[in-house]
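Here are the chains, one letter per residue:
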Amino acid sequence: MPVFTIHTPSASPSGGDPAAGAVFVREGFSRLAFLFGPLWLLWNRRWLAFGLWFLAFACVFFAIRRLGFSPALMAAYYFGIGLLLGLEAPVLRRAALAGRGFALSDIAVAETLREAEITWFARRRPATTPTPALAVATHPGRAVPPVGLFPDIPSSRS
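Residues numbered from 1 in each chain as written. Predicted model: local features only at pLDDT ≥ 70, side-chain atom pairs only at ≥ 80, totals over all residues. Heavy atoms only, no water.

A short note on the side chain of Ser30
When you line up the elements, Ser30 lands in the loop between strand S2 (23-26) and helix H1 (31-35). Aside from chain neighbours lying at most four places away, what touches Ser30 is Trp40, Gly86 and Ala89. (Helix = DSSP H or I, 4+ residues; strand = E, 2+ residues; numbered from the N terminus. Contact = heavy atoms within 4.5 Å.)

The following block contains the structure:
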């Protein structure tokens, strides 16, 4: 079952509830980052990571051409870098959120993002007061406790 980490801003700019700006990051392998590595980096605004990816790709490309290795080695290199990027995509997202002032606040386990949001917001809901139906169940004129709550009975053994 997928795991989501929930990151909230440490200081809300509007002074409201920090949960309003919560970001959910799905942990695990990212297929999009694996298949479309450089485009995924640009789409998610990971400029430094894209620059390093491009620099490494160019160095390996020119080294393979200069040394006369098989072009299939370039495909193996691209597969390896894609695999690494697919595995480390959530780490890059969490690092970027931490740089913007977000802190890890909780973890949710759910099938979908929607279920993770519902679970997390339900856990954040404050404890409610007893419902009026419970208050009506006791007679207002008597001080009789509800069933299951036993009053302090003075002990006859002394």
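Some thoughts on the packing of helix H3 (residues 47-67) against helix H4 (residues 72-99)
Their axes nearest at 10 Å, the elements H3 and H4 cross at an angle of 160 degrees. By the angle between their directions, the pair H3 and H4 is classed as roughly antiparallel. Taken as a pair, H3 and H4 cross one another with a handedness that is right-handed. The residues of H4 that touch H3, namely those facing Trp53, Ala56, Phe57, Val60, Phe61 and Ile64, are Leu73, Met74, Tyr77, Tyr78 and Ile81. (Axes fitted to C-alpha atoms, helices over the stretch in contact; angles between N-to-C directions. Parallel < 35°, antiparallel > 145°, perpendicular 65-115°, else oblique. Left-handed = near helix turned anticlockwise from the far one by under 90°.)

A look at the nonpolar core
Residues Phe4, Ile6, Ala19, Phe24, Ala108, Ala110, Ala116 and Trp120 constitute the largest nonpolar core, which totals eight residues. What Ala110 contacts, discounting residues up to four positions off in sequence, is Met1, Pro2, Phe4, Glu115 and Ala116. Residues Leu41, Trp53, Leu85 and Ala89 belong to the second largest nonpolar core, which totals six residues. (Core = buried A, V, L, I, M, F, W, Y, C linked by side-chain atoms within 4.5 Å. Buried < 20%, exposed > 50% of the residue type's maximum accessible area, 1.4 Å probe, protein only.)

Quick notes on a nonpolar patch on the surface
On the surface, a cluster of nonpolar side chains totalling about 640 Å² of accessible area is made up of Leu32, Leu35, Phe36, Leu39, Leu42 and Trp47. Of all the secondary structure elements, the ones that give two or more residues to the nonpolar patch are H1 and helix H2 (37-43). Tracing the chain through its elements places Trp47 in helix H3. You can call Trp47 exposed: its relative accessible area is 54%. (Patch = residues over 30% accessible without salt bridge, like charges linked within 9 Å, V, L, I, M, F, W, Y side chains within 5 Å. Areas by Shrake-Rupley, 256 points an atom, 1.4 Å probe, with all protein chains shown as cover. Salt bridge = Lys/Arg side-chain N within 4 Å of Asp/Glu carboxyl O.)

Describing the sheet that holds strand S1 (residues 3-9)
In space, the three strands of this open sheet follow the order S2-S1-S3, with antiparallel pairing throughout. Of all the strands in the sheet, just S2 and strand S3 (102-109) have a single pairing partner and so form its edges. The mean inter-strand angle of the sheet, taken between neighbouring strand axes irrespective of direction, is 30 degrees. Of the strand pairs in this sheet, S1 and S3 are connected by seven bridges, and their pairing is antiparallel. Residue pairing in the sheet places Phe4 in a bridge with Ala108 of S3. (Pairing = 2+ DSSP bridges.)

Describing the packing of aromatic side chains
Applying the stated criterion across every chain, the model contains 11 aromatic pairs. Consider the rings of Phe57 and Tyr77, whose centres lie 6.4 Å apart with planes at 35 degrees: the pair is tilted. Taken as a pair, Phe57 in helix H3 and Tyr77 in helix H4 lie far apart in primary sequence, 20 residues in all. Judged by centre distance (6.1 Å) and plane angle (80 degrees), the rings of Phe57 and Tyr78 are edge-to-face. In this pair, Phe57 is assigned in helix H3 and Tyr78 in helix H4, connecting sequence segments 21 residues apart. (Phe/Tyr/Trp six-rings, centres within 6.5 Å; stacked < 30°, edge-to-face > 60°.)

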